[in-house]
Amino acid sequence: MKKSAILERAKLSSHQTKKTRAVYLLFCEEEVVYIGITDNLDWRLKTHNIVKKSEYDSCYFLEIPFETDSADGGLSRAIEKAFIKQFNPRLNTDLKDGKLTYPEVWLLRQIFGDDLEIEY
């Protein structure tokens with residue numbers, strides 16, 4: 001999926017200095033290179049230990065309006081896991097070979113729409 005389609009369909013916001021719980025996507029041109037979670041995007045980008053500034057050219061995020069605080073990380077972690085499995089960013093080392101579960105497919109379709117091409 002192209003960057004423009006991801007941004008349009010998921011209604012991601014561009015990086016701004018804002019403290020909010022968010023799942024963020026780092027892009028290098030059209031490629032999603034990293035996906036993560038943070039409560040302070042500005043601080044996270046300045047102190048990132050996995051991704052160097054030269055490895056991405058733009059950052060967009062999906063604000064999480066509430067958190068479910070479950071044992072496995074809640075809503076933001078569920079979205080992050082589904083995004084990583086779907087987009088397979090080269091700088092994420094976890095979950096890259098994982099198959100999407102049916103709940104993750106449902107979650108992706110809620111964010112991107114029912115016509116999203118998904119392999120599971």
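Located above this text is the structure these notes cover.
Residues numbered from 1 in each chain as written. Predicted model: local features only at pLDDT ≥ 70, side-chain atom pairs only at ≥ 80, totals over all residues. Heavy atoms only, no water.

Participant: Outline the overall build of the protein chain, listing residues and values.
Facilitator: In terms of helices and strands, the protein chain carries 4 helices and 4 strands. Scanning the protein chain from its N terminus toward the C terminus, one meets helices and strands in the order α-β-β-β-α-β-α-α. Here the protein chain, with 120 residues, has 44% of them falling under the buried criterion. If you sum the accessible surface of the protein chain, you get close to 7,000 Å²; carbon and sulfur atoms cover 48% of it. (Helix = DSSP H or I, 4+ residues; strand = E, 2+ residues; numbered from the N terminus. Buried < 20%, exposed > 50% of the residue type's maximum accessible area, 1.4 Å probe, protein only. Areas by Shrake-Rupley, 256 points an atom, 1.4 Å probe, with all protein chains shown as cover.)

Participant: Lay out helix H3 (residues 74-87) in plain terms, naming residues and giving numbers.
Facilitator: Taking 1.5 Å per residue, 14 residues should reach 20 Å; H3 reaches 20 Å between its end C-alpha atoms and fits that length. When you tally the buried positions in H3, you get 10 out of 14 residues, the bulk of the element. Three or more residues of H3 are buried, namely Gly74, Ser76, Ile79, Glu80, Ala82, Phe83, Ile84, Lys85, Gln86 and Phe87. Directly beyond the C-terminal end of H3, a positive phi value near 50° is found at Asn88. (Expected span 1.5 Å × (residues − 1).)

Participant: Describe in detail the nonpolar core, supporting the description with residues and values.
Facilitator: Ranked by internal contacts, the top residues of the largest apolar core, which has 25 residues, are Phe83 and Phe112. Going through the elements one at a time, helix H1 (3-10), strand S2 (19-28), strand S3 (31-40), strand S4 (58-63), H3 and helix H4 (102-112) are the ones with two or more residues in this core. Discounting residues that sit within four places of it in the chain, Phe112 has contacts with Met1, Ile6, Arg9, Ala10, Phe83 and Phe87. By size, the runner-up hydrophobic cluster in this structure holds 12 residues, among which are Val33, Leu41, Leu45 and Leu91. (Core = buried A, V, L, I, M, F, W, Y, C linked by side-chain atoms within 4.5 Å. Contact = heavy atoms within 4.5 Å.)

Participant: Tell me about the packing of aromatic side chains, residues and numbers included.
Facilitator: Two descriptors summarise a pair of aromatic rings, namely the distance from one centre to the other and the angle between the planes of the rings. Applying the stated criterion across every chain yields a total of 5 aromatic pairs. The interplanar angle of 85° and the centroid separation of 5.9 Å between the aromatic rings of Phe83 and Phe87 together place this pair among those described as edge-to-face. Linking Phe83 with Phe87, this pair stays in helix H3, spanning 4 residues, or about one helical turn. Here Phe83 matches Phe87 in class, with each residue buried. Following the ring pairs from residue to residue traces out a cluster consisting of Phe83, Phe87 and Phe112. (Phe/Tyr/Trp six-rings, centres within 6.5 Å; stacked < 30°, edge-to-face > 60°.)

Participant: Report on the environment of Leu91, specifying residues and quantitative values.
Facilitator: Topologically, Leu91 is positioned in the loop between H3 and H4. A relative accessible area of 16% places Leu91 in the buried class. Taking the C-alpha atoms as reference, Leu91 lies 7.4 Å from Ile50; in sequence the two are 41 residues apart. With near-sequence residues (within four places) excluded, Leu91 lies in contact with Val33, Tyr34, Ile50, Val51 and Glu55.

Participant: Requested: an account of H1, with residues and values cited.
Facilitator: Those residues of H1 that sit buried are Lys3, Ile6, Leu7 and Ala10. Here the buried residues of H1 occupy an arc of 95° about the axis, which is enough to place them on one side. Where H1 ends, the next residue or the one after it, Lys11, has phi of about 55°, a positive value. (Arc of directions from axis to C-beta.)

On their own, these measurements won't tell you what the molecule is for.
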